[in-house]
Amino acid sequence: MKSTIVAFVAIFALALAVPVPDKDAQTLRFDNDHKGIDGYNFEVETSNGIRQQEQAELRSFGDDNAAIVVRGSYSFTADDGQVYTVNYIADENGFQPEAPHLPKA
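Residues numbered from 1 in each chain as written. Predicted model: local features only at pLDDT ≥ 70, side-chain atom pairs only at ≥ 80, totals over all residues. Heavy atoms only, no water.

K.L.:
Tell me about the side chain of Glu54, and please be specific about residues and values.
P.N.:
Within the secondary structure layout, Glu54 lies in strand β3 (residues 51-60). Although Glu54 lies buried, it forms no salt bridge, and the closest oppositely charged side chain, Arg71, sits 11 Å away as judged by the N-O distance. Here the side chain of Glu54 touches Tyr40 through a polar contact of 2.4 Å, side chain to side chain. (Helix = DSSP H or I, 4+ residues; strand = E, 2+ residues; numbered from the N terminus. Buried < 20%, exposed > 50% of the residue type's maximum accessible area, 1.4 Å probe, protein only. Lys, Arg positive; Asp, Glu negative; His and termini not counted. Salt bridge = Lys/Arg side-chain N within 4 Å of Asp/Glu carboxyl O. Polar contact = N/O pair within 3.5 Å; in protein donor to acceptor, adjacent residues only side chain to side chain.)

K.L.:
Go over the environment of Leu28 with me, naming the residues and quoting the values.
P.N.:
Summarising the element assignment, Leu28 is placed in strand β1 (residues 27-34). Judged by relative accessible area, which is 55%, Leu28 ranks as exposed. For the pair Leu28 and Arg51, spaced 23 residues apart in the sequence, the C-alpha separation amounts to 9.9 Å. In this structure Leu28 touches Glu45, Thr46 and Ser47, once residues within four positions along its chain are discounted. (Contact = heavy atoms within 4.5 Å.)

K.L.:
Outline the nonpolar core, supporting the account with residue identities and numerical values.
P.N.:
Residues Tyr40, Val70, Tyr74 and Phe76 are the most contacted members of the largest nonpolar core, which totals 13 residues. Elements with a minimum of two residues in this core: β2 (39-46), β4 (66-77) and β5 (83-91). By residue number, the principal contributor to this core is β5, which donates 4 residues. (Core = buried A, V, L, I, M, F, W, Y, C linked by side-chain atoms within 4.5 Å.)

K.L.:
Please give an account of the environment of Gln53 that cites residues and values.
P.N.:
Structurally, the position occupied by Gln53 is in strand β3. For Gln53, a relative accessible area of 22% gives the class partly exposed. Considered as a pair, Gln53 and Ser73 are 20 residues apart in the sequence and their alpha carbons are 5.6 Å apart. Residues within four places of Gln53 in sequence aside, it is in contact with Phe42, Glu43, Arg71, Gly72, Ser73 and Tyr88.

K.L.:
Give a description of the packing of aromatic side chains that names residues and reports values.
P.N.:
In total, this model carries 5 aromatic pairs according to the counting rule given. With a centroid separation of 6.4 Å and an interplanar angle of 20 degrees, the aromatic rings of Tyr74 and Phe76 are classed as stacked. Of the two residues, Tyr74 and Phe76, neither departs from the other in class, the shared state being buried. Both rings, one in Tyr88 and one in Phe95, keep their centres 5.6 Å apart while their planes meet at 45 degrees; by these two values the pair is tilted. Members of the aromatic cluster, connected to one another through ring pairs, are Tyr74, Phe76, Tyr84, Tyr88 and Phe95. (Phe/Tyr/Trp six-rings, centres within 6.5 Å; stacked < 30°, edge-to-face > 60°.)

K.L.:
Tell me what's going on with the pairing of β2, and back it up with residues and numbers.
P.N.:
Direction of pairing for β1 relative to β2: antiparallel, over a ladder of 7 bridges. Counterpart to Phe30 in the pairing with β2 is Val44. From the end of β1 to the start of β2, which pair antiparallel, there are 4 residues, and Gly36 there has a positive phi angle of about 65 degrees. Summarising the sheet, β2 and β3 pair through 7 bridges and their orientation is antiparallel. (Pairing = 2+ DSSP bridges.)

What follows is the structure in structure tokens.
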């Protein structure tokens, strides 16, 4: 379970590591619903066009195996003026991002 939490924190940090073109950006909206050990939901939007939403739930994978499964997306406006959106899931198969601009395996 400890490794699952560490992996989740790493994934969350990656999602928030998007370049910020406006250091003075303001939070326009932040909704958060923490459900204790069972999961959470949140959504955030900033004045510089960054948006992220995420849902997580505790899922059992057998006897004593359980982990937080996360689904979400984030979007941002890049230096080229285009809005990029990444949808992702993080589960027993790892972090799985999907977006047209990402290379396919």
